[in-house]
Amino acid sequence: MQLYSYFRSSAAYRVRIALNLKGLSYEYLPVHMLKDGGQQLTPEYRKVNPTALVPTLVDGDAVIGQSLAIIEYLDETHPEPPLLPADALGRARVRDLALGIACDTHPLNNLRVLKYLKHTLGVDEDAKNAWYRHWVQQGLGALEAQLAASSATGRFCHGDTPTIADLCLVPQVFNAQRFGCDLSAMPNVLRIDAACRELPAFDAAAPGKQPDAE
């Protein structure tokens, strides 16, 4: 397997965790999203992934973009350990939590949005960072409320083993802390993040431990 990745990409971070949890070896192919005007925008990379986004997983003849699609593919082709619960309601809850981060929170604060705010709309650095903190704190605040309200919440987002929801939570918390977001009112989010980061699969996937880390 090959993974086109950028060390700070939240979406690529999710996939790295999944690969590690599954015990799958892969070749790390860095795509620097700032150098050379953004290496994800080059014609060479667009041939691999026309959306010009990371991550991209190549597995034989299969080429898959979108982190959650990659993770579910890995879960179906390498079912142990499972990243989704065995019951339909549990799977729905995990997907609800994961999609809340991946679809509602992350897209508002990813790199291309922040670059558009700064370079096209002329938003200054302080206002750009305020935008980031507003949407991340709102999104993680909603996740905290969901976690606190459900008896299905355990050591991790759902029960006592990691699921796709945890794979989404940890990268989002990492970037939230990097941008100085106030997470003090989110004890469940912080507790679960800490529990995840104790696991070798999560630790090895951390941005600072990637070959392209700066």
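Residues numbered from 1 in each chain as written. Predicted model: local features only at pLDDT ≥ 70, side-chain atom pairs only at ≥ 80, totals over all residues. Heavy atoms only, no water.

Going by an unreviewed UniProt entry, the chain carries the name Maleylacetoacetate isomerase and comes from Achromobacter pulmonis.

Trainee: Quick question: what am I supposed to make of the UniProt feature "domain: GST C-terminal" (unreviewed entry) in the chain here?
Mentor: On the UniProt side, "domain: GST C-terminal" (unreviewed entry) is annotated at positions that read residues 87-214 here. The span residues 87-214 shows a helical share of 66% and a strand share of 0%, and its end C-alpha atoms are spaced 41 Å apart. (UniProt positions renumbered as here; feature names shortened; annotations may be inferred. Helix = DSSP H or I, 4+ residues; strand = E, 2+ residues; numbered from the N terminus.)

Trainee: Can you help me understand unusual backbone geometry in this one?
Mentor: Negative phi characterises most residues that are not glycine, and trans characterises most peptide bonds. In this structure, P55 follows V54 across a cis peptide bond, with omega equal to 10 degrees. Residue position: P55 is located in the loop between α2 (43-48) and β3 (56-59). One non-glycine residue, D36, lies in positive phi territory at about 60 degrees. Mapped onto the secondary structure, D36 falls in the loop between β2 (27-30) and α2. In this model, A52 sits at a positive phi of 60 degrees, which is unusual for a non-glycine residue. Within the secondary structure layout, A52 lies in the loop between α2 and β3. Using a relative accessible area of 6% as the deciding quantity, one classes A52 as buried. (Buried < 20%, exposed > 50% of the residue type's maximum accessible area, 1.4 Å probe, protein only.)

Trainee: What exactly am I supposed to notice about the UniProt feature "domain: GST N-terminal" (unreviewed entry) in the chain here?
Mentor: Mapped onto the present numbering, the UniProt feature "domain: GST N-terminal" (unreviewed entry) falls on residues 1-82. Secondary structure within residues 1-82 divides into 35% helix and 20% strand; the distance between the first and last C-alpha atoms comes to 19 Å.

Trainee: I keep staring at the domain arrangement of the chain and nothing clicks. Help me out?
Mentor: A common way to report how large an interface is uses the accessible area buried once the components associate. When cut into domains, the chain gives domain 1 (2-81) and domain 2 (88-202). The C-alpha-based centres of domain 1 and domain 2 are spaced at 20 Å. Across the contact, 15 residues belong to domain 1 and 18 residues belong to domain 2. Taken together, the two surfaces of domain 1 and domain 2 that pack against each other cover about 1700 Å², and 68% of this comes from carbon and sulfur. Linking domain 1 to domain 2 there are one salt bridge. Scanning the region where domain 1 abuts domain 2 turns up three residue pairs in polar contact (both at pLDDT 80 or more). Top element by residues in the side of domain 1 that touches domain 2 is helix α1 (residues 10-21). It accounts for seven residues. Looking at side-chain class alone, the side of domain 1 that touches domain 2 contains nine nonpolar, three polar and three charged residues. (Domains from an automatic or database assignment. Contact = heavy atoms within 4.5 Å. Buried area = accessible area lost by both parts, 1.4 Å probe. Salt bridge = Lys/Arg side-chain N within 4 Å of Asp/Glu carboxyl O. Polar contact = N/O pair within 3.5 Å; in protein donor to acceptor, adjacent residues only side chain to side chain. Nonpolar A, V, L, I, M, F, W, Y, C, P; charged D, E, K, R; others polar.)

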